[in-house]
Amino acid sequence: MAGNDWINSYLEAILDVGPGLDDAKKSSLLLRERGHFSPTRYFVEEVITGFDETDLHRSWLRAAATRSLQERNTRLENMCWRIWNLVRKKKQLEGEEAQHIVKRRLERERGRREATADMSEDLSEGEKGDVIVDISTHVDSIRGRMPRISSVDVMENWASQHKDKKLYIVLISLHGLIRGENMELGRDSDTGGQVKYVVELARALGTMPGVYRVDLLTRQISAPDVDWSYGEPNEMLNTRSSENSMQELGESGGAYIIRIPFGPKDKYIPKELLWPYIPEFVDGALRHIIQMSKVLGEQIGSGQPVWPVAIHGHYADAGDSAALLSGALNVPMLFTGHSLGRDKLEQLLKQGWQSREEINATYKIMRRIEGEELSLDASEIVITSTRQEIEEQWRLYDGFDPILERKLRARIKRGVSCYGRFMPRMVVIPPGMEFHHIVPHDSDMDGDVERNEDHSASSDPPIWSEIMRFFSNPRKPMILALARADPKKNITTLVKAFGECRPLRELANLTLIMGNRDEHFSLLFQTLIMGNRDDIDEMSSTNASVLLSILKLIDKYDLYGQVAYPKHHKQSDVPDIYRLAAKTKGVFINPAFIEPFGLTLIEAAAYGLPIVATKNGGPVDIHRVLDNGLLVDPSDQQAIADALLKLVSEKQLWARCRQNGLKNIHLFSWPEHCKTYLSRIASCRPRQPQWQRSDAEFGNSESDSPGDSLRDIQDLSLNLKLSLDGEKNDGVSTLDNILDSEENGSDGKSRPENAVLALSKGGVIGGTQKALSMEKADNTIKFPALRRRKYIFVISVDGNTTSDFLEIIGTVVEVAGKDWGAGSIGFILSTSLTISEVHSLLVSGGLSPSEFDAFICNSGSELYYPSSNSEDSPSGLPFLVDLDYRSHTEYRWGGEGLRKTLVRWAASINDGKGEGKIVAEDEAGSSMHCYAFKVKDLSLIPPVKELQKLMRIQALRCHVIYCQNGSKLNIIPVLASRSQALRYLFVRWGMDLSNTVVFVGECGDTDYEGLLGGIHKTVILKGAGTSACELHANRSYPLEHVVPFDSPNIVQAEGCNSNDIRVTLQKLGVRTG
């Protein structure tokens, strides 16, 4: 074939530059990676991407046939074979990914059909045609009548409407180096645009009327290779200008960066390595929020804690953290992805160089994706910059389906049941910006260019002369492009369009500010804009290839004197580059194939530049708001040339676009962003810890410190019937019925409060003051009276047999009894068993429930306390159920709709199986917030991740757990878990997590990983729980990606006997006596 001559030329070139292929292959198959330009890699990529597998195989055969004793030919034969295999593997990976995409599409369509079938009512027109809300709907209603946000009247009006509010908002951004001033943007891949965004968001929110305090939580870093300021525990964010602040700051008011210590104490590590330490951050953040809520309560809350109105996570790691904090505190959660794992995974797989396993090993991508899925499960609102992010990126996730989301929203508007299905609200809010320092240039270049003759050269910015030296006629309008030298930015098509359009060349000059930085940020993010590049030989192969192509095109079309491409500029030069383009009556262009947002388009508009932009992605939304230019198909070279020619040749059109941009640019300001942001928070259903009104009732005083026990429940009489293990009694309301009847109540009470009030009438113990007061006249109620405890031992060993479990319980209790004084140790039992099974287990082992402070049952979906009075319990069991915990964990619980879907799933598993039911509903093992199923053969059912995916696809938010050695399946609320129950006890009763010791086995139920991280201490009992290891055989990511086995808080005991446990506790610093 003709192509073989080209292949042979490339192969000869590879041999000439040296044996670099081996080095390129050692790390990975990914040849397009960061680093210096490698000719070997460049030529290998050209071969692999440019020629068919058949040609490569033919070249190898030819090299093998002409083999001689010369080293050159031997190397040639070996290289041909290896390159051919590279192409074969790339083709194989592409085929596997294509099959995966088809499978995913079928799963999504099947899940959507089943969800729609459950929601059996006919769809309304609203369900069929409802569209995702974005900023354009807001803009259409205000365009032409809203004054600039800098108007004093507008801000004073906004301030007067919100001055009485005192909101507390928590933002979270974990990775990178975050500080308020002199940010080191671009220092590494983790310290980029997101860092600037979250700092400016916190700063802007802190100045808004109605917002009292904003905390930006991040990681405290005290490492020798970073500045000392990142180790400071807190930092106040000063406002940019006094005119933006319309309120007086209170004692603790304003915006702050709060640095929480977690992870290695003396290391600054990349975000991919932070995952094992997320639970530690959550515990530390929880402690800070509780303390701050009490402080704010004293200042502005009349003595009652002021809880955050929302917790907002930024990026997957912070989203995962925000979900856990939201669940522990029962407050609304917001999420911003910034960049999404599934989108990155898809892009890497399209390259075809790495398998999923290799990508996951490098980027921990599956843990990141799970964090994003959990964020979808827990978020009230997901904030995006553009509709493109919703329609092209979020649609890749199991937990979000744009079509199903529109159907659910329409049903909610009509007041029709969604059968337990929930979808987060996607809201488009473009990033805010500061414009007060920008002054558009009003003059033009006529009579102003040849200043060297009449004025000092220093009167013009130096960058002007640096650019204009390229031009033979600098008076012509300047077409300005700022972009990385990346194929996705499509600069080569722009140069072709300019070079092949003679009228455009005669009317305008072209300025290309190019660079090779992978992390590129705009002027308003105050860092380098892509225009500083390395020498070509030091650039990555991809960037070098693009730049070389552009230089060749300049030569091909003889564009010398018409194209400028300066190599360097300073950060401070960027405003002057925009001003120069505007001064020449030029145009700004962004021709990228896809642009997620397009911040530079907004910058250009702020300086009075009309725009030509790609019609793919964020520029569509920007253009809809600004109406200051033209959109083009980036692959249509002629369309690009025509749009540029139209703007530079039609002066009236140019002037109109300039004026529109300047008039509407305020819609992208920080105050406008914050107004939209706060209005979205106001639309969330208020949620907060349900017991805050009853703390006095339970005797929570200042003298009760963290570390007080949960035990010693007072021996008081109780005349309320308990509903345990999901038992239903005639004449007693169930939680589902109460929630259904109270959901649309008009008495002004919240849904959880109505539920507790109604349940108190029917016989389940509630936690609110109002629920208690109804019975207080005739009955006294038993609740935990806090006493000071030195340690809390949590026994969470899974697997093996119940007799082994009972033996471990007895051993731990024995160790505590011998080595510590009476009352200094509290005990909590944490298990997948029901409370009835726990009671039977304790009785069989001769243990009394009163020896324990609390019982976390049903995999963390239920929380009980011991009681000495069981006369009125239907089950005759001496336990009290914590309704406050139920109100926390009921968030997005699917109820009967979820149960029906699970029953249908079980039936599909059992179909065609002649040996009987593989999966059967376990009504006795179920409870109000736990649907249990018995599993006959674990190998015949899908792994836990597949069932979790199925539930998410159908918009059912839950936590799927395989437990008891795979013989049982528990489905519980999405924010319920055994680890979350411990955090609840910390929030509710002040249990000190740092003095809590959790005992686990070597393995456990599929929620095992959640028990290992955090600030509590963990004892891994060697030999225990090993039978549960098969439950983890099909994990999405290895346990090492999420468990900090190097943490000093995790120690493995040599065995399960008392001496081994005692030695291990001493290693953890748990002192006796």
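The structure we're discussing is the one just above.
Residues numbered from 1 in each chain as written. Predicted model: local features only at pLDDT ≥ 70, side-chain atom pairs only at ≥ 80, totals over all residues. Heavy atoms only, no water.

Some thoughts on the packing of helix H11 (residues 315-329) against helix H14 (residues 365-378)
Next up, step 1: Contact pair H11 / H14: the axes reach a minimum separation of 8 Å and the direction vectors enclose 45°. With respect to H14, the element H11 is oriented oblique. Viewed along their axes, H11 and H14 form a crossing whose handedness is left-handed. Between H11 and H14, the contacting residues are Tyr 315, Ala 316, Gly 319, Asp 320 and Ala 323 on the first element and Arg 367, Arg 368, Gly 371, Glu 372, Leu 374, Ser 375 and Ala 378 on the second.
Next up, step 2: Its residues placed into classes, the contact of H11 with H14 shows five nonpolar, three polar and four charged. (Axes fitted to C-alpha atoms, helices over the stretch in contact; angles between N-to-C directions. Helix = DSSP H or I, 4+ residues; strand = E, 2+ residues; numbered from the N terminus. Parallel < 35°, antiparallel > 145°, perpendicular 65-115°, else oblique. Left-handed = near helix turned anticlockwise from the far one by under 90°. Contact = heavy atoms within 4.5 Å. Nonpolar A, V, L, I, M, F, W, Y, C, P; charged D, E, K, R; others polar.)

Quick word on the nonpolar core
Next up, step 1: Core analysis: the largest hydrophobic core is formed by 101 residues, its most contacted members being Ile 172 and Phe 281.
Next up, step 2: When sequence neighbours within four positions are dropped, the list of residues in contact with Phe 281 reads Ile 172, Leu 174, Leu 217, Thr 218, Ile 260, Phe 262, Ser 321 and Leu 325. (Core = buried A, V, L, I, M, F, W, Y, C linked by side-chain atoms within 4.5 Å. Buried < 20%, exposed > 50% of the residue type's maximum accessible area, 1.4 Å probe, protein only.)

Focus: the packing of aromatic side chains
Centre-to-centre distance and the angle between the planes together describe a pair of aromatic rings.
Next up, step 1: Following the criterion strictly, the structure yields 15 aromatic pairs and no others.
Next up, step 2: When the ring of Phe 827 is compared with that of Phe 852, the centres are 6.2 Å apart and the planes differ by 65°; the resulting orientation is edge-to-face. Here Phe 827 is found in strand S18 (residues 825-830), whereas its partner Phe 852 is found in the loop between helix H32 (835-844) and strand S19 (854-857), with 25 residues between them in sequence.
Next up, step 3: For the pair Tyr 865 and Trp 989, a centre-to-centre distance of 6.1 Å together with 85° between the ring planes defines the contact as edge-to-face. Residue Tyr 865 is located in strand S20 (residues 862-866), and its partner Trp 989 is located in helix H36 (residues 978-989); the two are separated by 124 residues in the primary sequence. Comparing Tyr 865 with Trp 989 shows no difference in burial state: the two are buried.
Next up, step 4: An aromatic cluster of three or more residues is present, and its members are Phe 793, Phe 827, Phe 852, Phe 855, Phe 879 and Phe 999.
Next up, step 5: For the cation-ring pair, Arg 219 lies above Phe 262, with the distance from its terminal atom to the ring centre recorded as 5.8 Å.
Next up, step 6: We note Arg 687 situated over the ring of Tyr 891; from NZ or CZ to the ring centre the distance is 3.9 Å. (Phe/Tyr/Trp six-rings, centres within 6.5 Å; stacked < 30°, edge-to-face > 60°. Lys NZ or Arg CZ within 6 Å of the ring centre and 35° of its normal.)

Considerations on the environment of Arg 1035
Next up, step 1: Note on placement: Arg 1035 falls in the loop between strand S27 (1017-1021) and strand S28 (1050-1053).
Next up, step 2: Not counting chain neighbours up to four residues away, the residues in contact with Arg 1035 comprise Lys 945, Glu 1009 and Val 1042.
Next up, step 3: Of note is the side chain of Arg 1035, whose polar atom sits 2.6 Å from the side chain of Glu 1009.
Next up, step 4: Within the structure, the side chain of Arg 1035 is placed 3.3 Å from the side chain of His 1032, a separation counted as a polar contact. (Polar contact = N/O pair within 3.5 Å; in protein donor to acceptor, adjacent residues only side chain to side chain.)

Here we look at the environment of Ser 379
Next up, step 1: Inspection of the secondary structure assignment puts Ser 379 in the loop between H14 and strand S7 (381-384).
Next up, step 2: For the pair Ser 379 and Phe 335, spaced 44 residues apart in the sequence, the C-alpha separation amounts to 6.4 Å.
Next up, step 3: Apart from residues lying up to four places away in sequence, Ser 379 is in contact with Met 333, Leu 334, Phe 335, Pro 424, Tyr 891 and Arg 892.
Next up, step 4: A polar atom in the side chain of Ser 379 sits 2.5 Å from the backbone oxygen of Ser 375.

So, the sheet that holds S27
Next up, step 1: Spatially, eight strands are ordered S21-S20-S19-S18-S17-S26-S27-S28 in an open sheet, and the strand pairing comes out mixed. Looking along the sheet, the strands with just one partner apiece sit at the ends: strand S21 (879-881) and S28. Strand-to-strand twist of the sheet, defined as the mean angle between neighbouring strand axes without regard to direction, takes the value 25°.
Next up, step 2: Pairing of strand S17 (residues 791-795) with S18, which is carried by five bridges, proceeds in the parallel orientation. (Pairing = 2+ DSSP bridges.)

Things to note about the side chain of Ser 229
Next up, step 1: With respect to the helices, strands and loops of the structure, Ser 229 is situated in the loop between strand S2 (211-219) and strand S3 (234-237).
Next up, step 2: Judged by relative accessible area, Ser 229 falls into the buried class, the value being 12%.
Next up, step 3: Within the structure, Ser 229 has its side chain in polar contact with the side chain of Arg 179 (distance 2.9 Å).
Next up, step 4: Excluding residues within four positions of it along the chain, Ser 229 makes contact with Arg 179 and Arg 259.

Some remarks on the environment of Pro 689
Next up, step 1: Along the polypeptide, Pro 689 turns up in the loop between helix H27 (670-683) and strand S15 (708-709).
Next up, step 2: Along the chain, Pro 689 and Pro 305 lie 384 residues apart, while their C-alpha atoms are 9.7 Å from each other.
Next up, step 3: Sequence-distant contacts of Pro 689, defined by excluding residues within four places in its chain, comprise Trp 307, Leu 329, Asn 330, Val 331 and His 888.

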